[in-house]
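What follows is each chain in one-letter form.
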Amino acid sequence: LAKTTQPISMDSYEGQEVNITCSHNNIATNDYITWYQQFPSQGPRFIIQGYKTKVTNEVASLFIPADRKSSTLSLPRVSLSDTAVYYCLVEDRGSTLGRLYFGRGTQLTVWP
Amino acid sequence: GAGVSQSPSNKVTEKGKDVELRCDPISGHTALYWYRQSLGQGLEFLIYFQGNSAPDKSGLPSDRFSAERTGGSVSTLTIQRTQQEDSAVYLCASSLGGAFDEQYFGPGTRLTVT
């Protein structure tokens, strides 16, 4: 099971772009990279998922280099409401198990 | 439509008592998961139900923990003889299909064992 490493915390200001990088050096061929967001007193919420190169949706972009040993979640023009914990996960699609392995995540704080 | 709901939202119990936590998944979702989140920690997988298949109980921390899912819908997580280390937020999630579909989480039940 590929382990992920991400910064414990990050600070930003409203309107800035935020990039959170996650390392997953032991990622396997069948693994997908998924990011979840969690607000206080709420369950996590799916943000984005990718396998390689770049994925973009209405919320964020996910950049994955060719070696796939890291990934970067990019949040454009953050607002105060983006303050949350962001989790990077590696999902083994070669396994029949559906569990998600969450680390401690990155606490993003957006300041006015 | 309605999301995943959990009850109670908060539960305070005395050490040694049994507790039951309830999860109502999104209608039509075949997969249901239970996780536990201790203060300042990430989520810890507990158990996974998929349709009528035998559940994956490999994450349950001890035999004091059990869960069932009736009629492929509502699930109950039971903790017997609660201990102070059981204090955590218990989160339930459901997904439409099987493994690796997007999981939708409920708001959680905050359990405090005194």
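Everything that follows concerns the structure shown earlier in this document.
Computed from a predicted model, the values in this text were never measured in an experiment. (Residues numbered from 1 in each chain as written. Chains lettered and ligands numbered in written order. Predicted model: local features only at pLDDT ≥ 70, side-chain atom pairs only at ≥ 80, totals over all residues. Heavy atoms only, no water.)

Regarding the state of the cysteines
Note: disulfide means a covalent bond formed between the sulfur atoms of two cysteine side chains.
In step 1: As enumerated under the stated definition, the model contains two disulfides over all chains in all.
In step 2: The residue that forms a disulfide with Cys22(A) is Cys88(A), at a sulfur-sulfur distance of 2.2 Å. Torsion about the S-S bond of the Cys22(A) and Cys88(A) cystine: about -80°, corresponding to left-handed handedness. Here the residue Cys22(A) occupies a position in strand E2 (residues 18-23), and Cys88(A) occupies one in strand E8 (residues 84-92), the gap between them amounting to 66 residues. Across the pair, Cys88(A) and Cys22(A) agree in class, each one buried.
In step 3: Residue Cys23(B) pairs covalently with Cys92(B) via a disulfide, S to S 1.8 Å. As the torsion about the S-S bond is roughly -65°, the Cys23(B)-Cys92(B) disulfide counts as left-handed. Placement of Cys23(B) in strand E3 (residues 19-24) and of Cys92(B) in strand E8 (residues 88-95) is noted, with a sequence separation of 69 residues between them.
In step 4: By relative accessible area, which is 0% here, Cys23(B) ends up buried. (Disulfide = S-S within 2.5 Å. Helix = DSSP H or I, 4+ residues; strand = E, 2+ residues; numbered from the N terminus. Buried < 20%, exposed > 50% of the residue type's maximum accessible area, 1.4 Å probe, protein only.)

Notes on the side chain of Asp56(B)
In step 1: Relative to the assigned elements, Asp56(B) resides in the loop between strand E5 (43-50) and strand E6 (65-69).
In step 2: There is a polar contact of 2.6 Å between the side chain of Asp56(B) and the side chain of Ser58(B). (Polar contact = N/O pair within 3.5 Å; in protein donor to acceptor, adjacent residues only side chain to side chain.)

Regarding the pairing of strand E4 (residues 31-37) of chain B
Residues and elements named next belong to chain B.
In step 1: Counting buried positions along E4 yields seven of seven residues, so the element is predominantly enclosed.
In step 2: Alternating residues of E4 divide into Ala31, Tyr33, Tyr35 and Gln37 and Leu32, Trp34 and Arg36, and every residue in both groups is buried.
In step 3: Across seven bridges, E4 lies against E5 in antiparallel orientation. Paired with tyrosine 33 across the bridge in E5 is tyrosine 48.
In step 4: Hairpin geometry of E4 and E5 is characterised by an intervening segment of five residues between the two adjacent antiparallel strands and by a positive phi of about 70° at glycine 40. (Pairing = 2+ DSSP bridges.)

Here's the deal with the side chain of Arg68(A)
Residues and elements named next belong to chain A.
In step 1: Summarising the element assignment, arginine 68 is placed in the loop between strand E6 (61-64) and strand E7 (70-75).
In step 2: Notably, arginine 68 is buried but unbridged: the nearest opposite-charge side chain belongs to aspartate 31, and the N-O separation is 5.7 Å.
In step 3: With near-sequence residues (within four places) excluded, arginine 68 lies in contact with His24, Ile27, Ala28, Thr29, Asp31, Ile33, Tyr51 and Lys52. (Lys, Arg positive; Asp, Glu negative; His and termini not counted. Salt bridge = Lys/Arg side-chain N within 4 Å of Asp/Glu carboxyl O. Contact = heavy atoms within 4.5 Å.)

Focus: the packing of aromatic side chains
In step 1: Per the counting criterion, the structure on display carries seven aromatic pairs over all chains.
In step 2: One aromatic cluster is present, built from ring pairs that chain together Tyr36(A), Phe46(A), Tyr33(B), Tyr35(B), Phe45(B), Tyr48(B) and Phe105(B).
In step 3: Directly above the aromatic system of Tyr51(A) lies the positively charged group of Arg68(A), at a separation of 3.9 Å from the ring centroid. (Phe/Tyr/Trp six-rings, centres within 6.5 Å; stacked < 30°, edge-to-face > 60°. Lys NZ or Arg CZ within 6 Å of the ring centre and 35° of its normal.)

Brief notes about the environment of Gly108(B)
Residue and element names in this part refer to chain B.
In step 1: In this structure, glycine 108 sits in the loop between strand E9 (104-105) and strand E10 (109-113).
In step 2: The buried category is assigned to glycine 108, whose relative accessible area is 7%.
In step 3: Along the backbone, glycine 108 and leucine 91 are 17 residues apart, and their C-alpha atoms lie at a distance of 4.3 Å.
In step 4: Apart from the residues lying within four places of it in its own chain, the contact partners of glycine 108 are Gln6, Pro8, Ser9, Val89, Tyr90 and Leu91.

Any link to function would need more than the numbers given here.
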